[in-house]
Every structure is written in C-alpha cells, then in structure tokens.
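# Results of the structural survey
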Amino acid sequence: MKLPRIGLGYDIHHFAVGRRLVLGGVEIPHTQGLDGHSDADVVLHAVMDALLGAVGLEDIGHHFPNTDPQWKDVSSLELLKVVGERLTGFQIGNIDVSVIAEEPRIGPYIPEMRACIANTLRIAQGEIGIKATTNEGLGALGRGEGIAAIAVALLVTK
C-alpha cells in the first residue's frame, strides 16, 4: 500500500539592490533581487522544505547552512537536485506553490518555472502548480519589501 506523506514549506527574503531576482529557477527582470546566502529563490526554498518535511528530514538550513561558503550564491536548482536525490523510497505526487509579492508580476514566468522544477526533479510539469498573489498592501510584503512563498508537497512511498 502506498502511503501519502505531506510536507509544508515557507520562505521569505527581503529585496536587495545589486542582486538578480530568481524565482522557481528563472531569472526575472526587476530592479532588485532577493537577499540571501544562495540565490535566495524563495519558490525553490519553500519547495525544498516541503519535500524534506514530507519525508521527515530537517529543513534546508540544516542541509545547506548559510555559514558554509560552498553554498554562497549557488543556484537553488542545484540544491533542489540534491534534495530530490534524498527522497529515496518516495515519489512525488504533486507540488503546489503560492508566491506572495506586490511586484513584479510573475504570471508570464510560471510556465518556465514549472519546467525548471519538473526537469530538476524529473517529474511531469502537470504535477506542479504555481500561483501568485499579493498581500493586499498589508505588512512588509504589502509594502513591497520582499517576496514570500508557501509550498506543499505530496509524496507517496514507492
């Protein structure tokens, strides 16, 4: 019997001048990027935490600490590949992500994000959902100070 496992991931980073904006493995034109040790891709960080949580492993900070220079400015797609390899005994049922940002508009980039995630995890694009919303002007996200993402992943035993 294949048993389902669910994981939840969340990540948030504030904007920083002089950085590239990378979401879901896709570089998006914007005046600022997100501040972080790696590329600060909140979409992939939330996805990785959801996957790791579903199999009962520690969060990405444990696996890729920001104190380790090996992970400085690394593409989060590389980290996602490592996480995918750690899902032994499980297969991904689906992943769903909500991105919370006042700007930029990411709708045009969602198909490419889905393709990047699917290719990295070797799953079908149809198993990945990505949506965008705003924070309706409330709080730091509503003031446009950064971007957050929430992800859920469903895994089943092989």
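One structure accompanies this document, and this report is about it. (Residues numbered from 1 in each chain as written. Predicted model: local features only at pLDDT ≥ 70, side-chain atom pairs only at ≥ 80, totals over all residues. Heavy atoms only, no water.)

### Considerations on the side chain of histidine 63
Mapped onto the secondary structure, histidine 63 falls in helix H2 (residues 60–63). For histidine 63, a relative accessible area of 16% gives the class buried. Polar contacts involving the side chain of histidine 63 include one to the side chain of arginine 86, which spans 2.5 Å. If near-sequence neighbours (up to four positions away) are discounted, histidine 63 is found in contact with Leu52, Leu57, Glu58, Trp71 and Arg86. (Helix = DSSP H or I, 4+ residues; strand = E, 2+ residues; numbered from the N terminus. Buried < 20%, exposed > 50% of the residue type's maximum accessible area, 1.4 Å probe, protein only. Polar contact = N/O pair within 3.5 Å; in protein donor to acceptor, adjacent residues only side chain to side chain. Contact = heavy atoms within 4.5 Å.)

### As for the packing of helix H3 (residues 76–85) against helix H4 (residues 110–121)
Two quantities define a packed helix pair, namely the angle between the helix axes and the distance between the axes. With their axes 9 Å apart at the nearest point, H3 and H4 run at an angle of 40° to one another. Classified by the angle their axes make, H3 and H4 are oblique. As for the relative orientation of H3 and H4, their crossing is right-handed in sense. When H3 is examined against H4, the residues Leu77, Leu80, Lys81 and Gly84 are found in contact with a partner set consisting of Cys116, Ile117, Thr120 and Leu121. Its residues placed into classes, the contact of H3 with H4 shows 5 nonpolar, 2 polar and 1 charged. (Axes fitted to C-alpha atoms, helices over the stretch in contact; angles between N-to-C directions. Parallel < 35°, antiparallel > 145°, perpendicular 65-115°, else oblique. Left-handed = near helix turned anticlockwise from the far one by under 90°. Nonpolar A, V, L, I, M, F, W, Y, C, P; charged D, E, K, R; others polar.)

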